Amino acid sequence: PGIVLLFNFSAYVGAVHLGVPGALVAYAGLFAPGIVLIFAAIPFWAALRHAAWFRAALSGLNATAIGLVGAACVLLWEAAVDSRADALVFVFAGTLAVVH
């Protein structure tokens, strides 16, 4: 599951629609934007990573991401946990995620 499934599914849909060329175009269409953005950002990253304001912004973004994941966990808890066994699995998986 996850990102690998997305890549495979896009190639499958392209192949169903236009055969092998469609699969290649769909696969490239999924990869190309990210690759272009990475190579376009590298020169700026080298300059920005030493700026104090940028490092502070990244710390704030990191804290925001952690808060959003925590909020999602609360929503999942409310929707998915109905018994003690569910709670045990949820807490165990969360502990493993934090430790590793």
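Residues numbered from 1 in each chain as written. Predicted model: local features only at pLDDT ≥ 70, side-chain atom pairs only at ≥ 80, totals over all residues. Heavy atoms only, no water.

K.L.:
Sorry if this is basic, but what is going on with the packing of aromatic side chains here?
P.N.:
To describe a pair of aromatic rings, one takes the distance between the centres and the angle between the planes. For the structure on display, the rule yields 5 aromatic pairs. Arranged with centres 5.5 Å apart and planes meeting at 75 degrees, the rings of Trp45 and Phe54 form a pair that is edge-to-face. Residue class for Trp45 comes out partly exposed when judged on its relative accessible area of 42%. Here a set of aromatic residues connected by ring pairs shows up, and it is made of Trp45, Trp53 and Phe54. (Phe/Tyr/Trp six-rings, centres within 6.5 Å; stacked < 30°, edge-to-face > 60°. Buried < 20%, exposed > 50% of the residue type's maximum accessible area, 1.4 Å probe, protein only.)

K.L.:
What's the story with the environment of Trp53 in this structure? I'm lost.
P.N.:
Along the chain, the position of Trp53 falls in helix H2 (residues 52-80). Given the relative accessible area of 58%, Trp53 is considered exposed. Residues Trp53 and Val69, 16 residues apart in the sequence, show an inter-C-alpha distance of 24 Å. (Helix = DSSP H or I, 4+ residues; strand = E, 2+ residues; numbered from the N terminus.)

K.L.:
Would you explain the packing of H2 against helix H3 (residues 84-99) in this entry?
P.N.:
Remark: H2 packs on H3, axes separated minimally by 10 Å, with the N-to-C direction vectors making an angle of 160 degrees. In terms of their interaxial angle, H2 and H3 are classed as roughly antiparallel. For the pair H2 and H3, the sense of crossing is right-handed. Note on element contacts: H3 touches H2 through Asp86, Ala87, Phe90 and Val91, opposite Cys73, Leu76, Trp77 and Ala80. (Axes fitted to C-alpha atoms, helices over the stretch in contact; angles between N-to-C directions. Parallel < 35°, antiparallel > 145°, perpendicular 65-115°, else oblique. Left-handed = near helix turned anticlockwise from the far one by under 90°. Contact = heavy atoms within 4.5 Å.)

K.L.:
Before we go on, may I ask you to explain the side chain of Ser10 in this structure?
P.N.:
Within the secondary structure, Ser10 is located in helix H1 (residues 3-48). Residue Ser10 is classed as buried on the basis of its relative accessible area of 15%. Sequence-distant contacts of Ser10, defined by excluding residues within four places in its chain, comprise Ala26, Tyr27 and Leu30.

K.L.:
Got a minute to help me understand the environment of Asn8 in this structure?
P.N.:
As for its position among the elements, Asn8 is in helix H1. You can call Asn8 partly exposed: its relative accessible area is 45%. Between the C-alpha atom of Asn8 and that of Gly29, which follows or precedes it by 21 residues, the distance is 12 Å.

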